[in-house]
Amino acid sequence: MALTEDKIRGYVQRLLLSRMRILCHHGFYGLLLMHMRFSVDEEVPTACTDGVRIIFGTDFLDGLSDSELDFVMMHEILHVVLQHCLRQSDRDPNTFNVACDIVVNSNILLENGMDLSTITLVEHGEAMHLAPDGKEGYEYTAEQVYEMLPHTPRPQKKAADKGGDGGGDGGESDEDGKNGNGGKSKGKGGGTEKESATGTSDGSLWDDHSRWGSQAEEDEALRDVWAKRLEDAAASISVRDPSNERGLLPLFAKRLLEQLRPAQTDWRTVLSEFIQEEVVDYSFVPPDRRFADSPFLLHDFNDKEDMVEDVLFMVDTSGSMSDSMVAAAYSEIKGAIDQFDGRLKGWLGFFDAAIIEPKPFTSEEEFRVIHPAGGGGTDFQIIFEYVARHMERPPASIVILTDGYAPFPRESLAMDIPVLWLLNNDEVQPPWGRVARIHM
């Protein structure tokens, strides 16, 4: 039966109410869910995500209580934030899906004070949350759990089987009533399901991973978009009343943030050394307290009032740079401005096969009003031609944020101006200039 407008409106309202409940009781998850779109599809047997949307089958959604719906929402957003769809590599997909679900469910269980009812669906039982060694999945990464699991491929399902991709959220119980990687449960159609080689049930599992990796280019572009969203959500949570336990960062978020920080600090340290050695008086005693928790020892700026002036930032906006990559590069420059604490000024421009005229900035406020533009091919030579022909005062240094996929010009075109190539990959190696790398 076709969905009516009233029925669709009712589904949408229910999903938005679920997000609101999660925002109130599990703030960090709720903030992340604010970035997701929701949809319903009669052809989807259960629930799934493609990294942009969370999609519910209508029959499945109708059968969920409010608390079960909240669990499914948290489960799907965790797959997105942990970027499981990008991490499978050449691993057996069925076994890797099981590993991902164990990690996700255990993290949600931890968020709910280890209350097993919070990861239980009436029709499917308790969701898997224990690694094969008996420890909670939140103690491991999905890759670590994968290595513990048997890697025998799951048998092919019959055409009549309406299950998902064997993601492993069937929620088995062992003979002692404890949830783990083994045991059996009753599937959607009732009856006992056959146990697979991975120790999970082989029936109508509710979490469908079949859309993971369905849009590889978009998935890669989302990688750093979600890294930024993670940092933004953490910043929002950090200003809440610390006495409110519901506002604290989940363990998985703390780990992810620890992994993100070194890469960001590293290139800015290179930038610091690159553009201000001759301008700003600095020393490593005392170290910069703003980065006390960093694995890098950053120098502290002393009391001299010198500005770091005349730095030309050029951002590649060619067709090979996705919108999220350009946005990440733009954010990195803003981060550098913040790090220099108001003592960095220069120009910000964009280029592809043509130059978008660089605009001057002397403060973060001026920087914010400069917006990206471009989208064609890539030509590095035009940057130096522009400097030679149109800039009355040449820059003291040039920082080029790019993927590097274009012919590099002759070094002589730089006219002895120091150049820092800031690349978003490990494959390209410029033939001259200073090089730093970030993951945009």
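About the cut-offs
- Residues numbered from 1 in each chain as written.
- Predicted model: local features only at pLDDT ≥ 70, side-chain atom pairs only at ≥ 80, totals over all residues.
- Heavy atoms only, no water.
- Helix = DSSP H or I, 4+ residues; strand = E, 2+ residues; numbered from the N terminus.
- Buried < 20%, exposed > 50% of the residue type's maximum accessible area, 1.4 Å probe, protein only.
- Areas by Shrake-Rupley, 256 points an atom, 1.4 Å probe, with all protein chains shown as cover.
- Phe/Tyr/Trp six-rings, centres within 6.5 Å; stacked < 30°, edge-to-face > 60°.
- Lys NZ or Arg CZ within 6 Å of the ring centre and 35° of its normal.
- pLDDT = per-residue confidence, 0-100.
- Contact = heavy atoms within 4.5 Å.
- Expected span 1.5 Å × (residues − 1).
- Arc of directions from axis to C-beta.
- Salt bridge = Lys/Arg side-chain N within 4 Å of Asp/Glu carboxyl O.
- Axes fitted to C-alpha atoms, helices over the stretch in contact; angles between N-to-C directions.
- Parallel < 35°, antiparallel > 145°, perpendicular 65-115°, else oblique.
- Nonpolar A, V, L, I, M, F, W, Y, C, P; charged D, E, K, R; others polar.
- Pairing = 2+ DSSP bridges.
- Left-handed = near helix turned anticlockwise from the far one by under 90°.

Draft legend 1. Spatial organisation of the overall build of the protein chain. Along its length, the protein chain carries eleven helices and 14 strands. Here the protein chain, with 440 residues, has 50% of them falling under the buried criterion. For the protein chain, the accessible area works out to roughly 20800 Å², and carbon and sulfur atoms hold 50% of it.

Draft legend 2. The packing of aromatic side chains, seen in detail. Taken as a whole and judged by the stated rule, the model has nine aromatic pairs. Each ring, one from phenylalanine 96 and one from tyrosine 146, has its centre 6.2 Å from the other, and the planes form 65°; the classification is edge-to-face. Here the residue phenylalanine 96 occupies a position in helix α5 (residues 93-111), and tyrosine 146 occupies one in helix α6 (residues 142-148), the gap between them amounting to 50 residues. Here phenylalanine 96 and tyrosine 146 have matching classes, each one buried. With 6.0 Å between their ring centres and 55° between their planes, phenylalanine 351 and phenylalanine 380 make a pair best called tilted. A residue pair is termed long-range when its members are at least 10 positions apart, and phenylalanine 351 in strand β10 (residues 344-351) and phenylalanine 380 in the loop between α10 (364-368) and α11 (381-390) qualify at 29 residues. Relative accessible area serves as the criterion here: at 0%, phenylalanine 380 is assigned to the buried category. Cluster of aromatic residues (ring-pair linked, three or more members): Phe351, Phe380, Phe384, Phe408, Trp421 and Trp432. Sitting over the ring of tryptophan 226, arginine 229 keeps its end group 4.7 Å from the ring centre.

Draft legend 3. Quick peek at the confidence of the model for the protein chain. For the protein chain, the average pLDDT comes to 73, and 65% of its residues sit at 70 or higher. When mean pLDDT is compared element by element in the protein chain, helix α4 (residues 66-81) scores highest at 95, while strand β7 (residues 282-283) scores lowest at 38. Low confidence marks residues 154-204, where pLDDT is under 50. Its contacts with residues over four positions away, or in another chain, come to 136 contacts. Taken as a whole, residues 261-265 scores under 50 in pLDDT and shows seven contacts with residues more than four places along the chain or in a different chain.

Draft legend 4. Focus on helix α1 (residues 5-25). The end-to-end C-alpha distance of α1, which contains 21 residues, comes to 31 Å, matching closely the 30 Å that a straight helix rising 1.5 Å per residue would cover. Listed in full, the buried residues belonging to α1 are Tyr11, Leu15, Ser18, Arg19, Ile22 and Leu23. Projected down its long axis, α1 shows its buried positions confined to an angular sector of 140°, all on one face. Of the exposed residues in α1, the ones pointing more than 90 degrees away from its buried face are Glu5, Asp6 and Gln13. Its buried side turned inward, α1 meets α2 (27-33), β1 (37-40), β3 (53-56), α3 (58-62) and α4.

Draft legend 5. Summary view of the pattern of salt bridges. Within this structure, the stated rule accounts for eight salt bridges. Close ionic contact of arginine 9 with aspartate 6 constitutes a salt bridge, the shortest N to O distance being 2.8 Å. Taken as a pair, arginine 9 and aspartate 6 lie in helix α1 at a separation of three residues, close to a single helical turn. When its relative accessible area of 45% is taken as the criterion, arginine 9 is described as partly exposed. Where arginine 87 meets glutamate 143, a salt bridge forms, and the shortest distance between an N and an O atom there is 2.5 Å. Taken as a pair, arginine 87 in the loop between α4 and α5 and glutamate 143 in helix α6 lie far apart in primary sequence, 56 residues in all.

Draft legend 6. Fine view of the packing of α1 against α4. At a minimum axis separation of 10 Å, α1 and α4 run at an interaxial angle of 75°. The angle between α1 and α4 places the two elements in the roughly perpendicular class. Mapping the contact onto sequence places Arg14, Leu15, Ser18, Arg19, Arg21 and Ile22 in α1 and Asp66, Leu69, Asp70, Met73 and Met74 in α4. Of the residues that constitute the contact of α1 with α4, the class distribution is five nonpolar, one polar and five charged.

Draft legend 7. Fine view of α5. Look at α5: 27 Å from first C-alpha to last across 19 residues, which is about the 27 Å you get at 1.5 Å a residue. Remark: glycine 113 follows α5 within two positions and exhibits a positive phi of approximately 70°.

Draft legend 8. Summary view of unusual backbone geometry. The residue methionine 114 is not glycine, and still its phi comes out positive at about 60°. Tracing the sequence through the fold places methionine 114 in the loop between α5 and β4 (120-121). A positive phi is found at methionine 415, a non-glycine position, where the angle reads about 55°. By secondary structure assignment, the location of methionine 415 is in the loop between β12 (397-402) and β13 (419-423).

Draft legend 9. Region of interest: the sheet that holds strand β2 (residues 47-49). Spatial ordering of the open sheet is given by β1-β3-β2-β6, a layout of four strands whose pairing is mixed. A single partner strand is all that each edge strand has here, and the edge strands are β1 and β6 (207-208). Note that β2 and β6 share two bridges and pair parallel. Bridge pairing links alanine 47 to aspartate 207 in β6.

Draft legend 10. Just the packing of α4 against α5, in detail. One can describe the packing of α4 onto α5 by two numbers: an axis separation of 10 Å at closest approach and a directional angle of 125°. What the angle tells us is that α4 and α5 run oblique. Both α4 and α5 take part in a crossing whose hand is right-handed. Every residue of α5 that contacts α4 at Phe71, Met74, His75, Leu78 and His79 is listed here: Cys100, Asp101, Val104, Asn105, Asn107, Ile108 and Glu111. The residue makeup of the contact of α4 with α5, split by class, is six nonpolar, four polar and two charged.

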